[in-house]
Amino acid sequence: AGKTTIMKTILGISSFTGDIRLNDQKITVDSHDALKDVGALIEYPGLYPYLTGREQLHLFTRGADRQAKVDKVIEEMHLTAYADAKAKHYSLGMKQKLGIALALVNQPSLVILDEPMNGLDPKATRELRELILQKKAEGTSFLISSHILSELQKVADDVVIINHGHLVTNNTMDAVLARNESYLLLRTDQNDRVAQLLAQKGYQAAVEEGSVKIARNSIQNMTVLLRAVLDQNIAINDIHEQQDDLENSLLGIIE
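None of the values given here were measured: they were computed from a predicted structure.

Undergrad: Could you give an account of the overall build of the protein, naming the residues involved and the relevant values?
TA: Looking only at helices and strands, the protein has ten helices and eleven strands in total. Whereas a compact globule of 255 residues would reach a radius of gyration of roughly 18 Å, the protein reaches 25 Å, over 25% beyond that. For the C-alpha atoms alone, the extent of the protein along its principal axes is close to 75 × 45 × 30 Å. The proportion of buried residues among the 255 residues of the protein is 40%. Expressed as a percentage of contacts within the protein between residues at least 6 apart in sequence, the contacts between residues at least 24 apart total 62%. Accessible surface for the protein amounts to roughly 14,500 Å². Of this, 47% is attributable to carbon and sulfur atoms. Here the protein contributes 27 positive and 34 negative side-chain charges, whose respective centroids are spaced 4 Å apart.

Undergrad: An account of the sheet that holds strand 4 (residues 110–114) is needed here, citing residue identities and associated values.
TA: Pairing within the open sheet is parallel, and its three strands lie in the order 3-4-5. A single partner strand is all that each edge strand has here, and the edge strands are strand 3 (38–41) and strand 5 (141–145). Averaged over neighbouring strand pairs, the angle between their axes works out to 10° when direction is ignored.

Undergrad: Mind laying out empty space enclosed by the protein, listing which residues take part and the relevant values?
TA: For the coordinates displayed, the defined rule picks out two cavities of 30 Å³ or more. Residue lining of the largest cavity: Lys69, Lys72, Val73, Glu76, Leu104, Val105, Gln107 and Lys135, and that is the complete set. Examining the composition of the lining of the largest cavity, we find that four residues originate from one element, helix 3 (residues 66–76), more than from any other. Its residues placed into classes, the lining of the largest cavity shows three nonpolar, one polar and four charged. Within this model, the second largest cavity holds a volume of roughly 30 Å³.

Undergrad: Just give me the short version of the pairing of strand 7 (residues 166–172), but keep the residues and values in it.
TA: Each regular strand carries side chains that alternate between the two faces of the sheet. Two strands pair when backbone bridges link them, and strand 6 (residues 158–163) and strand 7 are joined in this way by six bridges, in the antiparallel orientation. Across the sheet, the residue bridging to Val160 is Asn170, located in strand 7. Between the antiparallel neighbours strand 6 and strand 7 lie two residues, among them His164 with a positive phi of about 55°.

Undergrad: Any details on the environment of Ile27? Residues and values, ideally.
TA: Take Ile27: it is sitting in the loop between strand 2 (25–26) and strand 3. A relative accessible area of 2% means that Ile27 is categorised as buried. Considering only alpha carbons, one finds Ile27 and Leu11, 16 residues apart in sequence, at a separation of 7.7 Å. Each residue touching Ile27, except ones within four places of it in the same chain, is listed here: Thr9, Ile10, Gly12, Phe16, Ile20, Leu22, Ala34 and Leu35.

Undergrad: Could you give an account of the pattern of salt bridges, with specific residues and numbers?
TA: Scanning the model with the defined rule gives 13 salt bridges in all. The partner of Asp238 in a salt bridge is Arg187, and the shortest N-O contact between them spans 3.2 Å. Taken as a pair, Asp238 in strand 11 (residues 236–243) and Arg187 in strand 8 (residues 182–188) lie far apart in primary sequence, 51 residues in all. With relative accessibility at 28%, the residue Asp238 sits in the partly exposed group. Overall, the relative accessible area of 36% leaves Arg187 in the partly exposed class. Where salt bridges share partners, they join Asp19, Arg21 and Lys26 into one cluster.

Undergrad: Give me the nonpolar core: which residues, what numbers.
TA: Formed by 27 residues in total, the largest nonpolar core has its most connected members in Leu57, Val73, Met77, Leu79 and Leu104. Elements represented by at least two residues in this core include exactly helix 3, helix 4 (92–104), strand 4 and helix 5 (122–137). A per-element tally of this core places helix 4 first, with six residues. If we skip the residues at most four places from it in the chain, Leu104 touches Val73, Met77, Val111, Leu131 and Phe142.

Undergrad: If you had to explain the side chain of Glu151 to someone new, which residues and values would you point to?
TA: Locating Glu151 in the fold gives a position in helix 6 (residues 149–155). Taking the relative accessible area as the measure of exposure, Glu151 reaches 8% and is therefore buried. Apart from residues no more than four positions distant in its own chain, Glu151 is found in contact with Met117, Thr125 and Arg129.

Conventions we followed
Residues numbered from 1 in each chain as written. Predicted model: local features only at pLDDT ≥ 70, side-chain atom pairs only at ≥ 80, totals over all residues. Heavy atoms only, no water. Helix = DSSP H or I, 4+ residues; strand = E, 2+ residues; numbered from the N terminus. Rg over C-alpha atoms; globule rule 2.2 N^0.38 Å. Buried < 20%, exposed > 50% of the residue type's maximum accessible area, 1.4 Å probe, protein only. Contact = heavy atoms within 4.5 Å. Areas by Shrake-Rupley, 256 points an atom, 1.4 Å probe, with all protein chains shown as cover. Lys, Arg positive; Asp, Glu negative; His and termini not counted. Charge placed at Lys NZ, Arg CZ, Asp CG, Glu CD. Pairing = 2+ DSSP bridges. Axes fitted to C-alpha atoms, helices over the stretch in contact; angles between N-to-C directions. 1 Å grid on protein atoms, 1.4 Å probe; cavity = no way out; pocket = protein on both sides within 12 Å on 5 of 7 lines; lining within 4 Å. Points joined across faces, edges and corners; volume = space filled by probe spheres on them. Nonpolar A, V, L, I, M, F, W, Y, C, P; charged D, E, K, R; others polar. Salt bridge = Lys/Arg side-chain N within 4 Å of Asp/Glu carboxyl O. Core = buried A, V, L, I, M, F, W, Y, C linked by side-chain atoms within 4.5 Å.

Scope: geometric values only; no functional claims are made or implied.
Here's what the structure looks like:
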């Protein structure tokens, strides 16, 4: 789609045509002045294998209070247990966490992360999500690309969808999710019969994964629907609503 290429271009490490500006400052491949307050992790972190995590953070930290900045990001990224081990011994997830720490260590106002959840286990993914939300609340902006849409749905305010190099959507997360359909799921002792009965009465109903899935917008009155089922002496074992997620929204927009 071109996500990584765009991120590299914003960072001035890929040649480009056109005009890119950050806070009204122009970015070029020869001038990175506009990027002094930007942190980034693109694709995979480039680490020195014979330096420890702590040493690499010190190497890239700028300005005053370098020690305090390093100590803070080690704590925030939960790196303490292996911060003083050489990077050549790190697992993929450990390297990824250190790469994110390098993007955050100088406390930038904009952080660009390309597939930041790559290699992270569920616990580390949750910790990163919580840290992103904390930093966002403190005023840091994030530009994130990820194929893990469920995680983006939990943190992103705005969504940009690119397909084959073309901008498809640039909107708020709420607006994108508003395109989703919601469904009522009925689990009964006669699902096939219920689906046929409701379809005859004009409902959009079908059996999927052990439940009768009914489009919520085809239901005018919930009591009438349930009565139609119960009057046939059919037992309803479970009932709940289901909302489509970001993945379904994205696929629907692209299609």
